[in-house]
Amino acid sequence: MTHPRHTTVGIIGGGPAGLLLARLLHRSGIDCVVLESRDRSYVERRQRAGILEQGTVDVLRACGAGERMDREGLVHDGIELRWNQRAHRLDFPALTGGRRVMVYAQTEVVKDLIALQLADGPPLLFGARALAVTGADTGRPAVRYRHQDREQTLTCDYVVGCDGFHGVAREAVPEGVRRTYTRSYPYSWLGVLAEVPPSHDELIYAHSARGFALFSMRTPTVSRLYLQVPNGTDPADWPDDRIWDELEARGAIDGPWKPARGPLTAKAVLPMRSSVTEPMRYGRVLLAGDAAHIVPPTGAKGLNLAVADVTVLARALDRLHRTGSTELLDAYSDTCLRRVWRAEHFSAFMTTTLHTAPDQSPFDARLQLSQLDRIAGSPHAAAELAENYTGLPLT
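Per an unreviewed UniProt entry, the protein is named FAD-binding domain-containing protein, and its organism is Streptomyces lydicamycinicus.

In structure tokens form, the structure reads like this:
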């Protein structure tokens, strides 16, 4: 194949952030190239997030990637919190002026965006492993990458790193400029897929002295379930019956409720950590998604933050393309970081409120219960949670 030698925007990473950015730029008439280190099959199988904020849904629809999502996705009007054998539902539309969320797996978003890209979009190279980004502080940055056993160079007007925390784009920001703020949590999640209908028609977030549990879903016939476990847990130590017993115990309420049980088809342990890298722009290299920030999954913000980043960036590049103005592009990092830190705060709040730390004192446990009681009893506290969960406006 003929390898492109130059493009306006070189995008490293063919996950949802890189693919959506390419779609948005294509619709603005801006040429770009996407380099993805893995093959298409791997990219379309990666299990990640499953909750789409209202703003994410709106962006996908607007760029032509919403047809299957609207047909197969599950619109949710709330979540249920459980603690002390109690259940309390948050009504999102009533608390936010009509905002909702959509259950639609990240794998499906990626499949939809790949199909659009291959049908009528700019070049998408699978198996193209980025080796380095050079010239970030010049007018012609370049990406060195290996594809089909040959090293290639792609020069760009701008490079966007959507290649994760360990990607080469982040390393293009010099250590003396780059600041990274991190937080690690003293527990992980054991996540499982179950071939069984969901135990409830909306997500359940359960706090208990035994630890946190989340009852989610992928489709009307496939459940996605999580248990708080110690760091370093081996999934092999958790046979199916033990998982179901623990889910039942942690989700228990006063009343006749039990999770529907069925075969588990996948098990994995997910670490819990937060990370923010500042700035999100250095010269002509811009970071988006996990390359700039990571959140614990409790607040369902990871994918949605990535979508917000590339939406802001696409608008800035469109403004530059149409008018020559760099105003929005110059503000990119500050604009995104305001939203990023709000999402980090919300994710940390959800995580520390719902999980039981290994060294947690009885005092700390009572504070958690007080916070949950406050959410159940105060429309203002409930609205604050609902507004952050459904997503703050993208503008």
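**Observations concerning the sheet that holds strand β14 (residues 213-219)**
Consider a sheet: its strands pair through backbone hydrogen bonds, and that pairing is either parallel or antiparallel. As summarised here, the arrangement of the 8 strands in space is β6-β5-β13-β14-β15-β12-β16-β19, forming an open sheet in which the pairing is mixed. Each of the sheet's edge strands pairs with one partner strand only, and the pair in question is β6 (86-91) and β19 (293-294). Bridging between strand β13 (residues 203-206) and β14 involves 3 bridges; their strand directions are antiparallel. In the sheet register, Ile-204 faces β14, and the bridge partner there is Phe-215. Helix-sheet contacts for helix α12 (residues 362-377) involve β5 (78-83) and β6, and the interaxial angle to β5 is about 140°.

**Quick notes on the sheet that holds strand β4 (residues 74-76)**
Taken together, 3 strands build an open sheet; the order of strands is β3-β7-β4 and the sheet is antiparallel. Each end of this open sheet is capped by a strand with a single partner; those strands are β3 (51-52) and β4. Where β4 and strand β7 (residues 101-103) come together, 3 bridges link them in antiparallel fashion. Pairing of His-76 across the sheet is with Val-101, part of β7.

**Digging into the domain arrangement of the protein**
When its domains are assigned, the protein resolves into domain 1 (6-76 + 100-182 + 273-351) and domain 2 (184-272 + 361-390). Measuring from the centre of the C-alpha atoms in domain 1 to the corresponding centre in domain 2 gives 29 Å. With 28 residues of domain 1 at the contact, the number on the domain 2 side is 24 residues. Of all residues in domain 1, the largest losses of buried area upon contact with domain 2 belong to His-76, Arg-273 and Phe-346, amounting jointly to 22% of the total for that side. Between domain 1 and domain 2 we count 0 salt bridges in total.

**Considerations on empty space enclosed by the protein**
The final tally for this structure, using the stated rule, is 3 cavities of 30 Å³ or more. What the largest cavity holds in volume is close to 100 Å³. Along its surface, the largest cavity is lined by Glu-53, Lys-301, Asn-304, Leu-305, Arg-339, Arg-342, Ala-343, Phe-346, Asn-388, Gly-391 and Leu-392. Among the secondary structure elements, those contributing two or more residues to the lining of the largest cavity are α9 (302-323) and α11 (332-354).

**Considering α9**
When the terminal C-alpha atoms of α9 are compared, their 32 Å separation across 22 residues agrees well with the 32 Å that a helix rising 1.5 Å per residue should span. The first or second residue beyond α9 is Gly-324, which carries a positive phi of 85°.

**Side note on helix α3 (residues 54-62)**
For α3, the complete set of buried residues consists of Gln-54, Gly-55, Thr-56, Val-57, Val-59 and Leu-60. Following α3 by one or two positions, Gly-64 has its phi on the positive side, about 85°.

About the criteria used
Residues numbered from 1 in each chain as written. Predicted model: local features only at pLDDT ≥ 70, side-chain atom pairs only at ≥ 80, totals over all residues. Heavy atoms only, no water. Pairing = 2+ DSSP bridges. Helix = DSSP H or I, 4+ residues; strand = E, 2+ residues; numbered from the N terminus. Contact = heavy atoms within 4.5 Å. Axes fitted to C-alpha atoms, helices over the stretch in contact; angles between N-to-C directions. Domains from an automatic or database assignment. Buried area = accessible area lost by both parts, 1.4 Å probe. Salt bridge = Lys/Arg side-chain N within 4 Å of Asp/Glu carboxyl O. 1 Å grid on protein atoms, 1.4 Å probe; cavity = no way out; pocket = protein on both sides within 12 Å on 5 of 7 lines; lining within 4 Å. Points joined across faces, edges and corners; volume = space filled by probe spheres on them. Expected span 1.5 Å × (residues − 1). Buried < 20%, exposed > 50% of the residue type's maximum accessible area, 1.4 Å probe, protein only.

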